[in-house]
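# An overview of the molecular structure
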Amino acid sequence: MRVEVCMHVALMVAGMLLVLVTIASAQEPFAVGPVRATPGTTASGTLAVPARGADPGTTIPISVIHGTKPGPVLALTAGVHGVEYPPILALQRMRASIDPRTLAGTVIMVHVANMPSYLARTIYYSPADGKNLNRVFPGNPEGTLSERIADVITRQVIDRSTHVIDLHCGDGNESLRPYSYWITTGSPQVAEAGKQMALAFGLDHIIVDRERPTDPKASIYLSNTGVTRGKPALTIESGGMARTDHESIAQIENGIAGVLKLLKMRPDGPDPVSAPILLEHSEVVRSNFTGIFQAAVEKGHTVAKGTLLGRVFDFDGTLLEEIRASFAGEVLYVVGTPPMTKGEPVAFIGSTMRR
Ligand SMILES: [Zn+2]
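Residues numbered from 1 in each chain as written. Predicted model: local features only at pLDDT ≥ 70, side-chain atom pairs only at ≥ 80, totals over all residues. Heavy atoms only, no water.

### Considerations on helix 7 (residues 246–262)
Heads up, the rule is: A run of H or I in DSSP becomes a helix once it reaches four residues, and a run of E becomes a strand once it reaches two; helices and strands are each numbered from the N terminus. To estimate how far a helix should extend, the number of its residues minus one is multiplied by 1.5 Å. Only protein chains enter the calculation, and the probe is 1.4 Å; a residue is then buried if its accessible area is under 20% of its type maximum, exposed if over 50%, and partly exposed in between. Whether two residues touch is decided by their heavy atoms; if any such pair falls within 4.5 Å, the residues are in contact.
Helix length check: helix 7 (17 residues) gives 24 Å between terminal C-alpha atoms against 24 Å at 1.5 Å per residue, within 8%. Among the residues of helix 7, Ser248, Ile249, Ile252, Glu253, Gly255, Ile256, Ala257, Gly258, Val259 and Leu260 are the ones counted as buried. Turning to helix 7, the residues buried within the fold contact strand 5 (69–77), helix 2 (85–97), strand 6 (104–110), strand 7 (163–168), helix 5 (188–201) and strand 11 (233–237). Of the residues trailing helix 7, Lys264 is marked for its positive phi of about 60°.

### Topic: the sheet that holds strand 19 (residues 339–340)
Worth spelling out the cut-off: Strands are treated as partners if at least two bridges between them are detected by DSSP.
Spatially, four strands are ordered 17-16-14-19 in an open sheet, and the strand pairing comes out antiparallel. Edge positions in the sheet fall to strand 17 (319–324) and strand 19, since each of these pairs with one other strand and no more. Pairing between strand 14 (residues 291–295) and strand 19: two bridges, direction antiparallel. Its bridge partner being in strand 19, Ile292 is matched across the sheet by Pro339.

### Description of the packing of helix 5 against helix 7
The condition is simple: The angle between two axes is taken between their N-to-C directions and runs from 0 to 180 degrees, where each axis is a line fitted to C-alpha atoms and a helix contributes only its stretch in contact. Roughly parallel here means an angle under 35 degrees, roughly antiparallel means over 145, roughly perpendicular means 65 to 115, and every remaining angle is called oblique. Crossings are assigned a handedness: left-handed for a near helix turned anticlockwise from the far helix by less than a right angle, right-handed for a clockwise turn.
Between helix 5 and helix 7, the shortest axis-to-axis distance is 7 Å and the interhelical angle comes to 135°. It follows that helix 5 is oblique to helix 7 by the angle criterion. The chirality of how helix 5 crosses helix 7 is right-handed. Residue-level inspection shows Gln196, Met197, Ala200 and Phe201 of helix 5 in contact with helix 7, the latter providing Gln251, Ile252, Gly255, Ile256, Gly258, Val259 and Leu262.

Okay, here's the thing in C-alpha cells:
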C-alpha cells in the first residue's frame, strides 16, 4: 500500500516536471512578414516590396526554419547580386538539410534578395534603377526599387535576427578565390563575435575590414547593417563567373554548418579553420579606361609590387593601359570577361602586411 502511494506521488511529480520542462522549452511561432513557422517546422513564402510610382515593386522569397528550442536567430542572405549563384543554390540545399525538430533557435533564409537583377541576369547593378543593392543599406521605404528592397531586408530580416551572414561570390565577371570579410568596426563584443563567425565559416582567407561606416543610418552594406545594429555579421565569397560548381556550393554549406555549431544551434558541425590567413590590407584595383580587358593573372596568384595584372584595349585593339599591382599580395579576384568601364574593378589584391 505504502509502495503504491509512493509510486503515485513519484509519477505525479514526474508528470508535473514534464509539464514544466515542456512549458520552459516551448517556443512561440516565428513570423517574418506573412511567413510564419511554428516550432519544429520550416515555412516558405515571399516578402512584398510594394509598387511605387511607375515601378511595380518585387518579391523576396524567404524561408523560416524554426527550432523547437530557443536560441539565436541567424539570417542567411543570398542573391544580393543577381548573378551570384552558389549562395542561392547552397541555401536551397540547406533549407532541406537543417532539421527544425532538432534546431535550437531560428534560421531566416533570403533565397534571392535582388529578384530584378536575378531575372534580368545583371551584374553589380539593378536593371530597375542602376543601383548596387549592396551599397544602399539600410534602404529607404520611399526610395528606388533597390532602396526599398534594402529597407524590407533591414526591417523584416536583419532587425529580427541576432546574427547575419551575407553570402556572395565573384559576380558573373569575377574569377574569385574564396574569402570572407571580418568587420572590426562594431563594438568590441560584436567584432570579436564576428571574428569567431569568420573562423567558424572555415574559409582560410579572411579580410580584416577596418573601414566600414559606423552610422546605422548609413550602413551601406548588408552585413554592416547588422554590425551597426549590434549584431555580429559576416560577408563571405565563394564561387564566381556565373558558375554553379559543386565545390563553391559545398564550401558555403560547410561554412553555414560551422556557424550553426559555433552558435550552438546544432550540436555537430565542422571545426573552425585551423590556420587562417588574415589579410590586413586589401585594395580593389580599377580601370582608367573603357574598353576590352584582358587579365594577365589568375585568381590565387601571388603578385609582387609592379606585377602586370591585365591590359585594357580600345575596341580596335589599341593598348590603352597596363594595370600593375601597387603592392605585393594575392589575387583574390580578377575580372575574367572583356567588358570594362572606366572606374570599375579589374582585380582585388589582399596582403597579410598591414599598412
Ligand atoms: Zn556580391
